[in-house]
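Structural overview for review
Each chain, written out:
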Amino acid sequence: MQQIGLLSDTHSYLDDRILHHLRGCDEIWHAGDFGTAAVVEQLQELAPLRGVYGNIDGRDVRLTQPLVQDFEVAGLRVLMTHIGGYPGHYSPAARPLVQQARPGLFISGHSHILKVMPDSRLGLLHLNPGAAGRHGFHKVRTLLKFQVAAGKVQQLQVVELGSRTGE
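Now for a look at the structure at hand. In this text, all values refer to a predicted model and were calculated from it rather than measured experimentally.

Procedures and definitions
Residues numbered from 1 in each chain as written. Predicted model: local features only at pLDDT ≥ 70, side-chain atom pairs only at ≥ 80, totals over all residues. Heavy atoms only, no water. Helix = DSSP H or I, 4+ residues; strand = E, 2+ residues; numbered from the N terminus. Rg over C-alpha atoms; globule rule 2.2 N^0.38 Å. Buried < 20%, exposed > 50% of the residue type's maximum accessible area, 1.4 Å probe, protein only. Contact = heavy atoms within 4.5 Å. Areas by Shrake-Rupley, 256 points an atom, 1.4 Å probe, with all protein chains shown as cover. Lys, Arg positive; Asp, Glu negative; His and termini not counted. Charge placed at Lys NZ, Arg CZ, Asp CG, Glu CD. Phe/Tyr/Trp six-rings, centres within 6.5 Å; stacked < 30°, edge-to-face > 60°. Pairing = 2+ DSSP bridges. Axes fitted to C-alpha atoms, helices over the stretch in contact; angles between N-to-C directions. Salt bridge = Lys/Arg side-chain N within 4 Å of Asp/Glu carboxyl O.

Things to note about the overall build of the protein
- Broken down by element type, the protein carries four helices and 12 strands.
- In terms of overall size, the protein behaves like a compact globule, its C-alpha atoms giving a radius of gyration of 14 Å where 167 residues would be expected to give roughly 15 Å.
- Put simply, the protein has 167 residues, and 50% of those count as buried.
- Put simply, 48% of the contacts in the protein that link residues at least 6 apart link residues at least 24 apart.
- Carbon and sulfur atoms form 49% of the exposed surface of the protein, whose accessible area is close to 7800 Å².
- Side chains of the protein give 16 positive and 15 negative charges; the mean places of these two sets differ by 7 Å.

Regarding the packing of aromatic side chains
- Here the structure, examined in full by the defined rule, presents three aromatic pairs.
- Taking the centre distance of 5.1 Å and the plane angle of 80° together, the rings of Trp29 and Phe71 count as edge-to-face. In this pair, Trp29 is assigned in strand 2 (residues 27-30) and Phe71 in strand 4 (residues 68-73), connecting sequence segments 42 residues apart.
- Consider the rings of Tyr90 and Phe106, whose centres lie 5.5 Å apart with planes at 80°: the pair is edge-to-face.

As for the sheet that holds strand 1 (residues 2-7)
- Here five strands make up an open sheet; going across it, the order is 3-2-1-11-12 and the pairing mixed. If you trace the sheet from one side to the other, it starts and ends with strand 3 (49-51) and strand 12 (152-163), each paired once. Across the sheet, the mean angle from the axis of one strand to that of its neighbour is 20°, orientation sign disregarded.

Focus: unusual backbone geometry
- Of note, Asp33 is a non-glycine position whose phi angle comes to about 60°, a positive value.
- Along the chain, the position of Asp33 falls in the loop between strand 2 and helix 2 (37-46).
- The class for Asp33 is buried, based on a relative accessible area of 2%.
- The phi dihedral of Gln155 is positive, around 55°, even though this residue is not glycine.
- With respect to the secondary-structure elements, Gln155 resides in strand 12.
- Here Gln155 falls in the exposed class, since its relative accessible area comes to 58%.

A closer look at the pattern of salt bridges
- Across all of its chains, the model carries three salt bridges by this definition.
- Here Glu27 ties to Arg50 by a salt bridge, and the two come within 2.8 Å at their closest N and O atoms. With Glu27 in strand 2 and Arg50 in strand 3, the pair connects residues that are 23 residues apart, well separated along the chain.
- Among the residues examined, Arg50 registers a relative accessible area of 22% and is labelled partly exposed.
- Notably, a salt bridge pairs Asp70 with Arg77, separated by 2.7 Å at the nearest N-O pair.

Printed below as a string of structure tokens:
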């Protein structure tokens, strides 16, 4: 069993709330828009990191994070990219990736909208952790925590980190 912390769209912002909720995770997954390589480094100090670069990430992040991650954890095939859409509305770039890889879990970020949606047509679960940073239109910063065991996502928790304005 693996304890996973999933976040996205930090946009160069990590605070004690984020770090508190990620402590104790076996792995941290970041679905893009880190903002800076410093965010990558801070997360790597907490736990092994799997991430993808997002549309705002510069060369410093793109040198260490790929556009797409395709991996297996505890019997679950995972596909992650920053701009992916969601079931029934996958982005043009993500649609063929999802159809070819046939993951059990598809993760994207970018929208700043938290989504947990099954795709019964493709037999997968889609997760978008929303945005953990302060930049964007979202009102509440969020991340997800869950366990992966025997090829399934279990004990899924939405973590609200407070408002993006710090109120």
